[in-house]
Amino acid sequence: MLGNWISPKTRLVWGLLMILTLSVSVSWPAHAFITAEGFLLARLAGKRVSLLYFAFLTLSITLFQIFLPFGRVLFRLGSFALTEGALSEGLLKGVTLSGLVFLSLAAVSKNLIFPGRLGALWGKTFTYYERLLEVRKSLNARGLFSSLDTILEAQFPTESPTRTPSLPQERNFASTTLTGWVVITGTTLVSGLTAVWLR
Amino acid sequence: MEQKKPFRTDLTAFLGALSLFLSTVEYLFPKPVPFFRLGLSNLPLLVGLDLLNLRELGVLLALKVVGQALVNGTLASYVFLFSVAGSTASFLVMVGLHRLTRRIRFLFRHTSLISLSLAGALASNTVQIALSITFIFGPASGVIAPLFYGLGTLAGLGVGWLAEIFAQKSQWYKRLRDAQD
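Scope of this entry: the structure provided in the associated data block. (Residues numbered from 1 in each chain as written. Chains lettered and ligands numbered in written order. Predicted model: local features only at pLDDT ≥ 70, side-chain atom pairs only at ≥ 80, totals over all residues. Heavy atoms only, no water.)

On inspection of all chains with the given rule, the structure shows 6 salt bridges over all chains. Among the ionic pairs, Arg-175 of chain B bridges to Glu-153 of chain A, the shortest N-O distance being 2.7 Å. A residue pair is termed interchain when its members come from two chains, as with Arg-175 of chain B in helix H7 (residues 171-180) and Glu-153 of chain A in helix H7 (residues 144-155). When the shortest N-O distance is used, the salt bridge between Arg-177 of chain B and Asp-50 of chain B registers 3.6 Å. Residue Arg-177 of chain B is found in helix H7, and its partner Asp-50 of chain B is found in the loop between helix H2 (43-48) and helix H3 (54-72); the two are separated by 127 residues along the sequence. (Salt bridge = Lys/Arg side-chain N within 4 Å of Asp/Glu carboxyl O. Helix = DSSP H or I, 4+ residues; strand = E, 2+ residues; numbered from the N terminus.)

A few words on the environment of Ser-115 of chain B. Residue and element names in this part refer to chain B. As for its placement among the helices and strands, Ser-115 is situated in helix H5 (residues 113-137). The exposure class of Ser-115 is partly exposed, given its relative accessible area of 38%. Spatially, the C-alpha atoms of Ser-115 and Met-94 are 8.9 Å apart, while their sequence positions differ by 21 residues. (Buried < 20%, exposed > 50% of the residue type's maximum accessible area, 1.4 Å probe, protein only.)

To continue, consider the interface of chain B and chain A. Counting from both sides, the interface comprises 50 residues of chain B and, opposite them, 51 residues of chain A. Taken together, both faces of the contact between chain B and chain A bury some 4,400 Å²; the carbon and sulfur share is 78%. Considering only the side of chain B, the residues that lose the most area to chain A are Phe-14, Phe-21 and Leu-70 of chain B, jointly responsible for 15% of the buried surface there. For the pair chain B and chain A, the number of links is 2 salt bridges. At the junction of chain B with chain A, the criterion picks out 11 residue pairs in polar contact (both at pLDDT 80 or more). Put simply, the parts of the chain that give the side of chain B that touches chain A at least two residues each are helix H1 (5-26), H3, helix H4 (78-103), H5, helix H6 (145-169) and H7 of chain B. A per-element tally of the side of chain B that touches chain A places H1 of chain B first, with 14 residues. (Contact = heavy atoms within 4.5 Å. Buried area = accessible area lost by both parts, 1.4 Å probe. Polar contact = N/O pair within 3.5 Å; in protein donor to acceptor, adjacent residues only side chain to side chain.)

Turning next to the packing of aromatic side chains. Throughout the structure, instances matching the rule amount to 13 aromatic pairs over all chains. Taken together, a centroid distance of 4.7 Å and an interplanar angle of 65° make the contact between Phe-54 of chain A and Phe-102 of chain A edge-to-face. With a gap of 48 residues between them, Phe-54 of chain A in helix H4 (residues 51-65) and Phe-102 of chain A in helix H5 (residues 84-107) connect regions that are remote in the sequence. A residue is classified by how much of its surface remains accessible, and Phe-54 of chain A, at 10% relative accessible area, is buried. For Phe-102 of chain A, a relative accessible area of 4% corresponds to the buried category. Ring centres 5.7 Å apart and planes at 85° place the aromatic pair Tyr-78 of chain B and Phe-82 of chain B in the edge-to-face group. Of the two residues, Tyr-78 of chain B and Phe-82 of chain B both sit in helix H4, 4 residues apart, roughly one turn of that helix. Of the two residues, Tyr-78 of chain B and Phe-82 of chain B, neither departs from the other in class, the shared state being buried. A connected cluster of aromatic rings, assembled from ring pairs, spans Tyr-128 and Phe-156 of chain A together with Phe-7, Phe-14 and Trp-172 of chain B. (Phe/Tyr/Trp six-rings, centres within 6.5 Å; stacked < 30°, edge-to-face > 60°.)

Just geometry here; none of it tells us what the structure is for.
This is the structure:
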């Protein structure tokens, strides 16, 4: 849906602004709120996001953080002390990192076009990539290398090496719609105000 | 017959696309631990060592890293930085070893892609573990480094073996190589 409303370049700039609001916010609730917002936006962008994966990431970071104790002791088991500071730090780091990934997923479109020769090269690469995805079902596990060779020769002929393979068509994407600007303004305002108010 | 520049540019773009495609295929394989990557997307870099010059290999590396970040949507996150660091370390080691052994042919008749892949995997693992410990998980996470090195070694050997088999069996690759001469 986001891809239909917001152009790739605008989306990237907007995403970077949202990441900035996450970076400047200092409190737990602000980080959690913006991360949750990022998750929803990533889903709106059509990206598959595994909450289990990010829960495990947060848990792992927290687990290693609690071995560097500081602050008020919450719980003690032998020589091991679970402290509020270490627990809070770990959870905050995990949530923030997850939020950064969610916002990146929402902001970055595979249709992003770079200027100049780099842009032209990326355009070719992406077109070849889309062609390979279309024919991937032709891969045969029993004759893997021969079926792979057939696909490779079809997508990039070698038998006339002096002939340049056909150039991919130019890709054009619509500019940002009114709905897109509403989404951009609304989410950026909400994140910014959250970062400022929830201190 | 030497290949013309537009053909070589297109070949670089195609190998970049193959790298992205293999990155997608990689997600189909179950991971023994989270955050672990098999490294299938390095296959085009390995087979490209004898097809492309240094500048073209550098462009292929950039297409692989930036392309994956764009396709997966991680361009604006720490994942991209980790990918850049690991892939660059791996690239420098693989290309360096490949070029060095090519110059000393009396010692190395043939540089196995398995050895190059393994060296690259270890370099990438080292950099990524160092970054993970420093910026994400903290010093206590050093205890899992042996596990990651072990898995990285197996993955490096596996990818190198696949690359070696492909280089030997693929007629497409053979025609590209013959056109270099």
